[in-house]
Amino acid sequence: MNDRIIGQVKRVNGPVIEVMGITDAEMFELVRVGEENLIGELIKLETDAAVVQVYEDTTGIAPFDPVYGAGMQLSAELGPGMVGTIYDGIQRPLEAIREMSEIYIKRGITVPSLDREKKWHFVPSVKEGDQVSGGMFLGTVRETENLLHKILVPPGDKGVLESVTGEGDYTVEDVIAVLKTDDLKEKNLYLMHRWPIRVQRPTRSRLALDIPLITGQRVIDTLFPVAKGGTVAIPGGFGTGKTMTQQAVAKWCDADIIVYIGCGERGNEITDVLTEFPKLIDPRTGRSLMERTILIANTSNMPVSAREAGIYAGITMAEYFRDQGYDVAVMADSTSRWAEALRELSGRMEEMPAEEGFPAYLPTKIAEFYERAGSMETLNGDNGSVTIIGAVSPPGGDFSEPVTQHTKRFIRCFWALDRHLANARHYPAISWLESYSEYLSDVVSWWESADGGASPEWLCDRTEIMELLHKEVRLQQVVKLVGPDALPDTQRFILEVCTLFKNAFLQQNAYDKIDAFSIVQKQVKMLHIIVTYYKRGAEAIKSGATLVKLRKMKVYQDIIRMKFSIPNDDLAGLDKIEARLERSMDQLEALHA
Amino acid sequence: MPDKTTKSLLSGREYIGVDKIDGPLVFVSKTHPVGYRELVECVDKQGHVRLGIVLESSTNAVVVQVFEGTSGLTLPGTRVRFSGEPLTIAVSKEMLGRVFNGLGHPIDGGPPQRSDIELDVNGMAINPTARQYPRDFIQTGISVIDGMNTLIRGQKLPIFSGNGLPHNELAAQIARQAKIRGTNTQFAVVFAAMGVKHDVARFFTQSFEESGVLENVALFLSLADDPSIERLITPRTALTLAEHLAFNEDMHVLVIMTDMTNYCESLREISTIRGEIPSRKGYPGYLYSDLAELYERSGMIKGYKGSITSLPILTMPNDDISHPVPDLSGYITEGQIVFEREMDGRGIYPPVAGLPSLSRLMKDGIGEGMTREDHPHLASQLFAAYSYVKDVRNLASVIGEEELTPLDHTYLDFGREFEQRYVSQRKDEDRSIEETLDLGWEVLSILPVDELHRITEEEIEKFYGK
Ligand SMILES: Nc1ncnc2c1ncn2[C@@H]1O[C@H](COP(=O)(O)OP(=O)(O)OP(=O)(O)O)[C@@H](O)[C@H]1O
Ligand SMILES: [Mg+2]
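Here, residues in each chain are numbered from 1, in the same order as that chain's written sequence. By the order in which they are written, chains take letters starting at A while ligands take numbers starting at 1. Totals for whole chains, interfaces and linings use all residues, but because this is a predicted model, local features are given only for residues with pLDDT of at least 70 and pairs of side-chain atoms are given and counted only at 80 or more. The basis for every side-chain value is the complete set of non-hydrogen atoms in the structure, without hydrogens or water.

## Overview of the domain arrangement of chain B
A common way to report how large an interface is uses the accessible area buried once the components associate.
Part 1 of the reasoning: Where a domain begins and ends is set by an automatic assignment or by a domain database. When the domains of chain B are assigned, the result is domain 1 (4–86), domain 2 (90–335) and domain 3 (375–463).
Part 2 of the reasoning: Its C-alpha centre places domain 1 of chain B at a distance of 61 Å from the equivalent point of domain 3 of chain B.

## Some points on the packing of aromatic side chains
Part 1 of the reasoning: Classification of ring pairs rests on two measures: the distance between centres of Phe, Tyr or Trp rings, Trp counted by its six-membered ring, which must be within 6.5 Å, and the angle between planes, read as stacked under 30 degrees, edge-to-face over 60 and tilted in between. Considering all chains together, one arrives at 27 aromatic pairs over all chains under this definition.
Part 2 of the reasoning: Judged by centre distance (6.2 Å) and plane angle (85°), the rings of phenylalanine 247 of chain B and tyrosine 304 of chain B are edge-to-face. Taken together, the positions of phenylalanine 247 of chain B in helix H5 (residues 234–247) and tyrosine 304 of chain B in the loop between strand E19 (299–301) and strand E20 (307–315) put the pair 57 residues apart, joining distant regions of the chain.
Part 3 of the reasoning: Working definition: with a 1.4 Å probe on protein chains only, accessible area under 20% of the residue-type maximum means buried, over 50% means exposed, and in between means partly exposed. Looking at tyrosine 304 of chain B, the relative accessible area reads 26%, which means it is partly exposed.
Part 4 of the reasoning: Ring pairs connect the aromatic residues Tyr312, Trp338, Phe369 and Tyr370 of chain A, which therefore count as one cluster.
Part 5 of the reasoning: Distance and angle both matter: a charge sits over a ring if NZ of Lys or CZ of Arg is within 6 Å of the ring centre and within 35 degrees of the ring normal. The side chain of arginine 218 of chain A reaches across the aromatic face of phenylalanine 505 of chain A, ending 5.7 Å from its centre.
Part 6 of the reasoning: One Lys or Arg, arginine 268 of chain B, reaches over the ring of tyrosine 283 of chain B and ends 4.3 Å from the middle of that ring. Helix and strand assignments follow DSSP, with helices taken as H or I runs no shorter than four residues and strands as E runs no shorter than two, numbered in order from the N terminus.

## Side note on the interface of chain B and chain A
Part 1 of the reasoning: We call two residues in contact whenever any of their non-hydrogen atoms come within 4.5 Å of each other. Taken together, the contacts link 81 residues of chain B with 89 residues of chain A.
Part 2 of the reasoning: For the pair chain B and chain A, the two sides together bury roughly 6,900 Å², of which 54% comes from carbon and sulfur.
Part 3 of the reasoning: Summed over both partners, the accessible area (1.4 Å probe) lost when two parts come together is defined as the buried area. The largest contributions to the chain B side of the interface with chain A come from Tyr36, Tyr331 and His453 of chain B, which together make up 11% of the buried area.
Part 4 of the reasoning: For this analysis, a salt bridge means a side-chain nitrogen from Lys or Arg found within 4 Å of a carboxyl oxygen belonging to Asp or Glu. Applying the counting rule to chain B against chain A returns four salt bridges.
Part 5 of the reasoning: Notably, a salt bridge pairs arginine 11 of chain A with glutamate 56 of chain B, separated by 2.6 Å at the nearest N-O pair.
Part 6 of the reasoning: Here a polar contact is taken to be a pair of N or O atoms separated by no more than 3.5 Å, where protein atoms must pair a possible hydrogen donor with a possible acceptor and residues adjacent in sequence count only if both atoms sit in side chains. In this assembly, chain B and chain A are joined by 33 residue pairs in polar contact (both at pLDDT 80 or more).
Part 7 of the reasoning: Taken together, the elements giving at least two residues each to the side of chain B that touches chain A come down to helix H1 (4–10), strand E5 (49–58), strand E11 (131–132), H5, helix H7 (287–295), helix H8 (324–330), helix H10 (375–399) and helix H13 (457–463) of chain B.
Part 8 of the reasoning: The greatest single-element share of the side of chain B that touches chain A, amounting to six residues, is contributed by H10 of chain B.
Part 9 of the reasoning: Ten residues, namely Ala, Val, Leu, Ile, Met, Phe, Trp, Tyr, Cys and Pro, are considered nonpolar, four, namely Asp, Glu, Lys and Arg, are considered charged, and the remaining ones, Gly among them, are considered polar. Counted by class, the side of chain B that touches chain A contains 38 nonpolar, 21 polar and 22 charged residues.
Part 10 of the reasoning: DSSP bridges decide pairing: two strands pair if at least two such bridges lie between them. Sheet topology note: the strand E1 (residues 5–13) of chain A/E5 of chain B ladder contains two bridges and is antiparallel. Residue pairing in the sheet places valine 12 of chain A in a bridge with serine 57 of chain B of E5 of chain B.

## Concerning the domain arrangement of chain A
Residues and elements named next belong to chain A.
Part 1 of the reasoning: Domain assignment breaks chain A into domain 1 (5–73), domain 2 (120–191), domain 3 (205–439) and domain 4 (458–591).
Part 2 of the reasoning: Contact residues are listed per partner, giving twelve residues for domain 1 and nine residues for domain 3.
Part 3 of the reasoning: For the pair domain 1 and domain 3, the two sides together bury roughly 880 Å², of which 60% comes from carbon and sulfur.
Part 4 of the reasoning: Here domain 1 and domain 3 share one salt bridge between them.
Part 5 of the reasoning: In this assembly, domain 1 and domain 3 are joined by four residue pairs in polar contact (both at pLDDT 80 or more).
Part 6 of the reasoning: The set of elements that each furnish at least two residues to the side of domain 1 that touches domain 3 consists of E1 and strand E5 (50–54).
Part 7 of the reasoning: Considering every element that reaches the side of domain 1 that touches domain 3, the biggest residue donor is E5, with three residues.
Part 8 of the reasoning: Here the side of domain 1 that touches domain 3 is composed, by residue class, of six nonpolar, three polar and three charged.

## Things to note about the confidence of the model for chain B
Part 1 of the reasoning: Every residue gets a pLDDT, meaning the predictor's confidence in that residue, from 0 to 100. Of the residues in chain B, 98% reach a pLDDT of 70 or more, and the chain-wide mean stands at 92.
Part 2 of the reasoning: Here the predicted complex carries an ipTM of 0.92, next to a pTM of 0.95.

## Considering the sheet that holds strand E9 (residues 120–124) of chain A
Residue and element names in this part refer to chain A.
Part 1 of the reasoning: On the basis of which strands lie adjacent, the open sheet formed by four strands has the order E12-E11-E9-E14 and antiparallel pairing. Two strands lie at the open edges of the sheet, namely strand E12 (147–152) and strand E14 (168–170), each paired on one side alone. For this sheet, the mean angle separating the axes of adjacent strands, direction not counted, is 40°.
Part 2 of the reasoning: Only the stretch in contact is used when fitting a helix axis, every axis being a line fitted to C-alpha atoms; angles between N-to-C directions are given from 0 to 180 degrees. Sheet strands in contact with helix H5 (residues 304–322) are strand E11 (137–144) and E12, and its direction is about 95° off that of E12.

## What about the sheet that holds strand E12 (residues 137–139) of chain B?
Residue and element names in this part refer to chain B.
Part 1 of the reasoning: Reading across from one edge, E13-E12-E15 is the order of the three strands in this open sheet, with antiparallel pairing throughout. The open sheet terminates on both sides in strands that have one partner only, identified here as strand E13 (151–152) and strand E15 (179–180).
Part 2 of the reasoning: Alignment of E12 against E13, held across two bridges, turns out to be antiparallel. The residue bridging phenylalanine 137 from the neighbouring strand is isoleucine 152, located in E13.

## Quick notes on the packing of helix H11 (residues 406–423) of chain B against helix H12 (residues 433–444) of chain B
All names here are of chain B.
Part 1 of the reasoning: Running from N to C, H11 and H12 point in directions that differ by 160°, and their axes come no closer than 9 Å. The orientation of H11 with respect to H12, classified from their angle, is roughly antiparallel. In terms of crossing hand, the pair formed by H11 and H12 is right-handed. For the pair H11 and H12, contact is made by Phe414, Glu417, Phe418, Arg421 and Tyr422 and by Thr436, Leu439, Gly440, Glu442, Val443 and Leu444, respectively.
Part 2 of the reasoning: Residues belonging to the contact of H11 with H12 are distributed by class as follows: six nonpolar, two polar and three charged. These descriptions rest on fixed angle ranges, namely under 35 degrees for roughly parallel, over 145 for roughly antiparallel, 65 to 115 for roughly perpendicular, and the rest for oblique. Each helix crossing is assigned a hand: it is left-handed if the near helix lies turned anticlockwise from the far helix by less than a right angle, otherwise right-handed if that turn is clockwise.

## A short note on the environment of glycine 109 of chain B
Residues and elements named next belong to chain B.
Part 1 of the reasoning: Topologically, glycine 109 is positioned in the loop between strand E9 (99–101) and strand E10 (118–120).
Part 2 of the reasoning: According to the relative accessible area criterion, glycine 109 is exposed, its value standing at 76%.
Part 3 of the reasoning: In this structure the C-alpha to C-alpha distance between glycine 109 and valine 99, which are ten residues apart in sequence, comes to 8.9 Å.

## Observations regarding empty space enclosed by the protein
Part 1 of the reasoning: Cavities and pockets are defined on a 1 Å grid built over the protein atoms alone: a cavity is a set of grid points where a 1.4 Å probe fits but cannot escape, while a pocket is an open set with protein on both sides within 12 Å along at least five of seven lines, and lining residues are those with an atom within 4 Å of any such point. Grid points are joined across faces, edges and corners, and a volume is the space filled by probe spheres set on the points. Under the definition given, this model contains five cavities of 30 Å³ or more.
Part 2 of the reasoning: One number sums up the size of the largest cavity: a volume of about 210 Å³.
Part 3 of the reasoning: Glu340, Arg343 and Pro395 of chain A together with Ser279 and Leu328 of chain B are, among the 21 residues lining the largest cavity, the residues nearest its centre.
Part 4 of the reasoning: Looking at the lining of the largest cavity, the elements with two or more residues in it are helix H6 (335–348) of chain A together with H7 and H8 of chain B.
Part 5 of the reasoning: If you tally residues by element for the lining of the largest cavity, the top one is H6 of chain A, at four residues.
Part 6 of the reasoning: Space inside the second largest cavity adds up to approximately 50 Å³.

Okay, structure coming up:
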């Protein structure tokens, strides 16, 4: 496949190679460079100054080295066998690479993304003579215990099925059907197909986003919920908790498939996911979390250009599962490294920079990426969604920098990580003042409805607590001027309740077995208990109770520990605390009646 | 189109005269096709050979970065040879106990280094699936590290310091005292100095000598008066030896690199001369990736016995943690030990700032069976309480201490004891983890029990006020 020479190397500057003498070549064509067959992509087409971006280290590449064209665009292979696999930025399976080159990733290794030997049990759902078009199901393969992989007609194809194989075991390269297209050509269909990663996969229409993606993280679900199909940015300086938050969401959220893209981050974090996920059990299916996870790892020391591609490879795989009618959540850690890869490549191509050296097309690229999220009606007529949660790593933790600012324009949910909270080990360090969710009003009815949160008072409780948190800021300013003693008890009580809410509700320890994730009902009840403590406490103070009395209530200690003392499967424990709280308040009231 | 053999034939050629010399860069034209990052020998008029590598290669010209500097080179008199290979060094276990320059040539007067194993100094990216997640607790004997920012074998944990702060003392103390409990494996130390003064190098040498470990240390020195460009290769040379010791010789290696800020400045210098578009503070946009290439070379590998733990030291310009060098380092390393000038001023050693310091690998290396069951909650509670102390101190500085509540006063007492008894210790004091944890409980017991939300009732029962 590599024998079509399309040109010769003219200049090497890191991962960017200028090519001369271009004969026939296609924009975005996959190419190979030099004798070592380094993988690259043609990103600028010009007879004597075409540019190839190389996805491997270019050490040793010299002028006049040959450049070969592969005759197709950089594409992802989509079919059974992706789930549970870890890929690099250009969808090469890293485990397979390790078998060939041990500890280090050597150059010029070619391995197919999907196993060519493995046989899958295919059950057709179409028959000869059926009229089909792109995105329709040809049948299914049970990929894991819980995942029914729908085999799709590649989008863009249309025609009549000339033949369909019977139920049986097939590799991804065996022909499972033959399509006679409308222009009367014959086309073989397989369990897999290829899709160019930079092109969004088509759907029928966009749907409203009104079902929350439940993450089990209280500050997220209760205060700043994201809808299935929504877009979120998590900006934060180093060590504030972007990776931890994304991993927690990847572990516990109620999506069917997780695509976790490690884009220019640490090797050990990927290893952590690889060792931990297989052992963790998905609470909804009872199966290993790895059985719904696809990993892409292009760590910070791996080639920069593959970082740029990894984001697209990931989102393409996500769209493919959405097209099967699944809810997919994509974590991208970190989109800043991707933007920096764009900057580096752009710099080496000597393009005119805009802000801080980033290319002028940065906002367009960010927009295009987040546009690929959404809740869609698929070509097969089902509903599927892709939620994108992107970490942003602003230099110096300063949110006014270009990547954070442009990202903010294209996302609708913002989980701002706060350095002070992180330093105080208040985790997740999601700021309740700076964060927002534009999905809030859309998901309220889900929280209130019986088959959702089943909590008619959810919105009231949430509003109450948010108001208190905002009041606290003003009160703290007063305290800073005149000391806490100057405040009346009613106001000091607000400070106390806010502290309680932060300790007992917002802080959530990702390492604690019980606290790591909270089911919806636990969140609803915990929130209600704290709001009740506030409302009844405030009444009691009005009738003369003291702050100390309220604080020394025995139930106060129960409330502060309920997050890690009451497991998800023992919600009666929370009802007991609530009952005890009401009783204690009754007694207090009786004293002052 | 040149194939492999023609390439190596051509690489024997020597070019006399160069077109342009700009800082550490030499431009040569009309060469044979030269490979990117190839090793280059530049010979000056006196016949001295200086090494360099190819930064850019095109049909017109080759840009060479000369590590030993270009001073004294002339346009017509410089001879250039391209080797056809990337820069490699010969590595062996015998390098321990010796002193080298940044390129790995001995400067201790001893015999030249010989070995059959030649490795590319740039290394290669470790396949993430080959990594072993680090979990082994290293006892450094320093409470604020062991108790609250635990160092794990295979971790990269930098010290963010400032000019004149005792980072060298702390690094030397860690190198001296570091041990894995229950084993008697010794750490081999690979030390890379970039642009630091002679007395810093002497301080480390002396400290290793005094503790009798010098034969277990390899030093790579590229000091302040050496060509600044040599600093770019020094950490790579050192890490190449570290990788050899760890993954071919089964050794546990501690890599100390100082000062990363000097390294980054050299990188900026090259970038500026090449006219690249800078990102922040004139540093090149690829500073993050470049640092990652160094830092990510530490770790552990499945099926291999050895490990690389690294302790890079960097001085924060103006003590500013948001400066690109500490900032980008923090985005790559697995936590950071941050020094605070104000604590140093109060005579606290080590002046480790309680809040911004962090060890990310701590969680899997502490607790039952590793340190002690109470460790995770104790550490978390100490952080929470100390963070409240900081708030109270801020408040007190505005409204005065008299206005504080009695509880806040108790917190101030706790804060003082914590800094003076727990954090502060002698430069030769080697505390066991039990001593550290017990001391933690001792200072924590100053606080009333219902302030301790992060600790379970059983732990309170067992350790509080004991
Ligand atoms: N929910 C949490 N529970 C417990 N610890 C947490 C939590 N969130 C963050 N942490 C702590 O903070 C540390 C840093 O978090 P994390 O690695 O997610 O930061 P980050 O924002 O991804 O940083 P970087 O940008 O450098 O990658 C973790 O190692 C952990 O110790
Ligand atoms: Mg991270």
